[in-house]
Amino acid sequence: MANQEKTRVKQQYFIPLEVKEGTIITKEFEDAPRMWSKIGNRRVYAILVQVTKEQYEAYMRPEWKEDKRQQRLAEKRRKREKAQE
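All values reported here derive from a predicted model rather than from experimental measurement. (Residues numbered from 1 in each chain as written. Predicted model: local features only at pLDDT ≥ 70, side-chain atom pairs only at ≥ 80, totals over all residues. Heavy atoms only, no water.)

> Account for a nonpolar patch on the surface, with residues named and values stated.
On the surface, a cluster of nonpolar side chains totalling about 240 Å² of accessible area is made up of Phe 14, Met 35 and Leu 48. Here Phe 14 lies in strand E1 (residues 13–18). (Patch = residues over 30% accessible without salt bridge, like charges linked within 9 Å, V, L, I, M, F, W, Y side chains within 5 Å. Areas by Shrake-Rupley, 256 points an atom, 1.4 Å probe, with all protein chains shown as cover. Salt bridge = Lys/Arg side-chain N within 4 Å of Asp/Glu carboxyl O. Helix = DSSP H or I, 4+ residues; strand = E, 2+ residues; numbered from the N terminus.)

> Lay out the sheet that holds strand E3 (residues 42–51) in plain terms, naming residues and giving numbers.
An order of E1-E3-E2 is seen for the 3 strands of this open sheet, with the pairing classed as antiparallel. The open sheet terminates on both sides in strands that have one partner only, identified here as E1 and strand E2 (34–39). Taken pair by pair, the neighbouring strands of this sheet meet at an average axis angle of 60°, ignoring direction. Of the strands in this sheet, E1, E2 and E3 are in contact with helix H2 (residues 53–84), which crosses E1 at around 55°. (Pairing = 2+ DSSP bridges. Axes fitted to C-alpha atoms, helices over the stretch in contact; angles between N-to-C directions. Contact = heavy atoms within 4.5 Å.)

> Any chance you could break down H2 for me, citing the residues and the numbers?
If you check H2, its first and last C-alpha atoms are 45 Å apart, about what 32 residues at 1.5 Å a residue would give, namely 46 Å. Met 60 marks where H2 bends most, by close to 35°; the proline Pro 62 follows one to four residues later. (Expected span 1.5 Å × (residues − 1). Bend = angle between axes of the 7 residues up to and from the residue.)

> So what about the environment of Glu 30? Which residues, and what values?
As for its position among the elements, Glu 30 is in the loop between E1 and E2. Judged by its relative accessible area of 39%, Glu 30 is partly exposed. As a C-alpha pair, Glu 30 and Ile 47 span 17 residues in sequence and 9.5 Å in three-dimensional space. (Buried < 20%, exposed > 50% of the residue type's maximum accessible area, 1.4 Å probe, protein only.)

> So what about the environment of Trp 64? Which residues, and what values?
Here Trp 64 is to be found in helix H2. Judged by its relative accessible area of 42%, Trp 64 falls in the partly exposed class. Counting along the chain gives 24 residues from Trp 64 to Gly 40, while the straight-line C-alpha distance between them is 7.4 Å. Those residues within four positions of Trp 64 in sequence are excluded, and the remaining contacts are Tyr 56 and Glu 57.

> Tell me about the nonpolar core, and name the residues and values.
Membership of the largest hydrophobic core is limited to 8 residues, which are Tyr 13, Ile 15, Val 19, Ile 25, Ala 32, Ile 47, Val 49 and Val 51. For this core, the secondary-structure elements that each account for two or more residues are E1 and E3. Ranked by residues supplied to this core, first place goes to E3 with 3 residues. Apart from residues lying up to four places away in sequence, Val 51 is in contact with Tyr 13, Phe 14, Ile 15 and Tyr 56. (Core = buried A, V, L, I, M, F, W, Y, C linked by side-chain atoms within 4.5 Å.)

Scope: geometric values only; no functional claims are made or implied.
This is how it looks when you write it as structure tokens:
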């Protein structure tokens with residue numbers, strides 16, 4: 001039981017902040033590394049911002065919902081095409 005508590009590591013959560021030409025970035029994130037990341041199905045140039053678990057879930061929930069909707073739609077299309085053959 002004690003081993004489980006020792007091995008638990010607090011998970012960190014990050015959300016991508018898309019960086020565009022007109023994006024205003026605070027001094028805190030001015031020197032943050034920029035990288036390519038995915039927001040939903042889109043690849044964007046972004047800064048990863050550390051957030052709490054609650055903030056992460058609130059931000060990602062619509063993304064997850066849309067992704068799941070797209071998956072269901074694609075599956076429905078595949079079934080329809082298979083039935084027509």
